[in-house]
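Observations on the model geometry
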Amino acid sequence: MNEQDDEERPICVVLGEEMMLQAKDKVPRLDIMATAPACPQVASLYPSLHASLDAELNALYASTLFKLEAYERLGKAVEIPTESYDDFDPVGQDPRWGVFASFHTYIEESFPLVHRSMQVTKINTYALVFHWQGSNPELKPLLIAAHQDVVPVDPTTVEQWTHPPYSGHYDGTWIWGRGSADDKADLVAQLITAESLLKAGFTPRRTIVFAFGIDEEAAGTQGAGALAVYLEEKYGTDAFTMLIDEGEGHGSNAVAEPIFALPGISEKGYLDVRMQVSAPGGHSSVPPDHTSIGLLSLLVVALEQNAHPAVLRREGTGFANMQCRVQYDRKRYPEALRELARRALTDDAALEEFKHALIRFDKSFGVLLKTTQAVDLINGGVKINALPEVAAAVVNHRIAEHSSVEDVQSHITALALPIAKEFNLSVNAFGTKFEFGTEGHVVLEDAFYSALEPSPVSPIDPSGPYGVLSGTIKSTLESSARYKASEVIVIPSLGLGNTDTRFYWNLTRHIFRYSHRGDLDDLYNGLHTVDEAVRGESIIEQIRFFTKLILNVDEML
Ligand SMILES: [Zn+2]
């Protein structure tokens, strides 16, 4: 069947006779679910053994007194400026870490039951682990993570803030300040949940561990890096049933449409490559045909003319994500794309066509499916009458799931070698040497020693931990007083940036990055920028989510 025929094939052929009658009307939910085998949805999951405890806490969380207390607890956490810097020296050597001690004092005072009932361990002085012992040591513990640090506030922007960046001010709707969303909302919601569960007499069967890093916004090595070593030593490899850390949230629940929740099941890899060209100096009145800057430019041009290709694989996160979006977001995606998505499940030619159609539909899909490269830094030359002896550029790569650090290195090396050959340059490409002459020298290297492979992809088996997470997201949204959506669809997603989870791959295969809040409704102005503020009500929703998650995971066999 050719492409033309495919696009004209009516949806009814696939959906069956019953659907044929309704295809033009709103399609009933169950039937849609039946047609999306690549995006299985689980039912809402409510605690059953712990149903009365869940109901009791739900009622407590709805009280005005509880809400105001929660907002104040977050506000006070925001008041402590736990900024992390790219140029931090290690803990113990850099006095700027001292503010984390104030943060610890605050949470000790604010969460006394948590501190009395759990074993608290400080790793590398300021990273925190809370161990909540379960009654059944046979069950793998649940790991819940967040980070204590925040992005520094640019002093030149302080005046632009509606409320001062470390005010923690609650204005009746929003809680203002750096860290109010990223990531103190998660951290405080987790501790309030634990404190509330303890107060209500909950004793977990399954051990629960909280891990709070201190430099997620910088290198991560002092916090999550150290935590990972400790956690693996204490609990073992693949010791946790599931890890949940910060991530994307969900769509708007203010309109009567499907609401999409986007837990991250993988993250791209990372590599910064410095391309450095050295060439003899001298007076610029007697230059060679090509200076080091000219030669470097050839490398930059070669790189930009040879972008990495977008690859769509059925086993990848991109495919799972696109299948879900296209099948369930019927308002945004045309029927033809849905049909193509269905055929792409088994037909290789359709898979390729699906990829191209997606990128034509929205260019940003290409970013998800390929290794991106961006030449972000360049320098060379010191004086207009002196030939530049050194010129260098740094290229930032976010590595696609199907690729690797080595792939990216090979790609750049393969582009550099013909240029080196043509202009008689020697090359040191990531430690491997090539000699084509002595007229200059090219070095390709990991610029900041921050290379990171793409993460493993967490399983999305509906009957496993992903299913429990999905069901919990659904039950939390559907039972919310704010809920106006027609249904909840959980879509596995790819993280373009990296979280603390980049250190935690050995701890469990089931790593999910998700912050339970409305990405549009609950953030005043995005993260890492002026006027970071979070809707007070969304903290309550986060507490409801963590409560249901802990209870549901506790009931998991
Ligand atoms: Zn964060």
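The structure displayed is predicted, hence computed values, not measured ones.

**Overview of the overall build of the chain**
A count of helices and strands for the chain gives 18 helices and 18 strands. Its C-alpha radius of gyration of 26 Å places the chain within 12% of the 24 Å reference for a compact globule of 557 residues. In terms of overall dimensions, the chain has a C-alpha envelope of 85 × 70 × 50 Å along the principal axes. A buried classification covers 56% of the 557 residues belonging to the chain.

**Regarding the nonpolar core**
In this structure, Trp132, Phe210 and Ile543 are the most contacted members of the largest nonpolar core, which totals 72 residues. If sequence neighbours within four positions are ignored, tryptophan 132 has contacts with Met118, Ala194, Leu197, Leu198, Phe202, Pro204, Thr207, Ile208 and Phe210. By size, the runner-up hydrophobic cluster in this structure holds 28 residues, among which are Val395, Ile399, Val405 and Phe423.

**Some details on the sheet that holds strand S13 (residues 432–435)**
Within the open sheet, the six strands sit side by side as S10-S11-S9-S14-S12-S13. Their pairing is mixed. Strands with a single pairing partner mark the edges of an open sheet, and in this sheet they are strand S10 (372–380) and S13. Averaged over all pairs of adjacent strands, the angle between their axes in this sheet comes to 15°, without regard to strand direction. As defined by bridge partners, strand S9 (residues 269–278) adjoins strand S11 (residues 390–399) across ten bridges and the pair is classed as antiparallel.

**What to know about the environment of lysine 355**
By secondary structure assignment, the location of lysine 355 is in helix H14 (residues 348–361). In this structure, the C-alpha to C-alpha distance between lysine 355 and arginine 314, residues 41 residues apart in sequence, is 11 Å. The contact partners of lysine 355, leaving out residues within four places of it in the chain, are Ala310, Val311, Leu312 and Leu369. For lysine 355, the side chain forms a polar contact with the main-chain oxygen of alanine 310, separated by 2.9 Å.

**Brief notes about helix H11 (residues 292–305)**
With 14 residues, H11 should cover 20 Å at 1.5 Å per step; its first-to-last C-alpha distance of 20 Å lies within 8% of that length. Of the positions making up H11, those classed as buried are Ser292, Leu295, Leu296, Leu299, Val300, Ala302 and Leu303. Projected onto a plane normal to the axis of H11, the buried residues spread over an arc of 160° and lie on a single side. Exposed residues lying more than 90 degrees from the buried face of H11 are Glu304 and Gln305.

**Quick word on the domain arrangement of the chain**
Often, the extent of an interface is quoted as the loss of accessible area upon association of its parts. For the chain, the domain assignment lists domain 1 (3–35 + 314–364), domain 2 (51–265 + 457–555) and domain 3 (269–309 + 370–446). One C-alpha centre belongs to domain 2, the other to domain 3, and the line joining them spans 42 Å.

Rules and cut-offs
Residues numbered from 1 in each chain as written. Predicted model: local features only at pLDDT ≥ 70, side-chain atom pairs only at ≥ 80, totals over all residues. Heavy atoms only, no water. Helix = DSSP H or I, 4+ residues; strand = E, 2+ residues; numbered from the N terminus. Rg over C-alpha atoms; globule rule 2.2 N^0.38 Å. Buried < 20%, exposed > 50% of the residue type's maximum accessible area, 1.4 Å probe, protein only. Core = buried A, V, L, I, M, F, W, Y, C linked by side-chain atoms within 4.5 Å. Contact = heavy atoms within 4.5 Å. Pairing = 2+ DSSP bridges. Axes fitted to C-alpha atoms, helices over the stretch in contact; angles between N-to-C directions. Polar contact = N/O pair within 3.5 Å; in protein donor to acceptor, adjacent residues only side chain to side chain. Expected span 1.5 Å × (residues − 1). Arc of directions from axis to C-beta. Domains from an automatic or database assignment.

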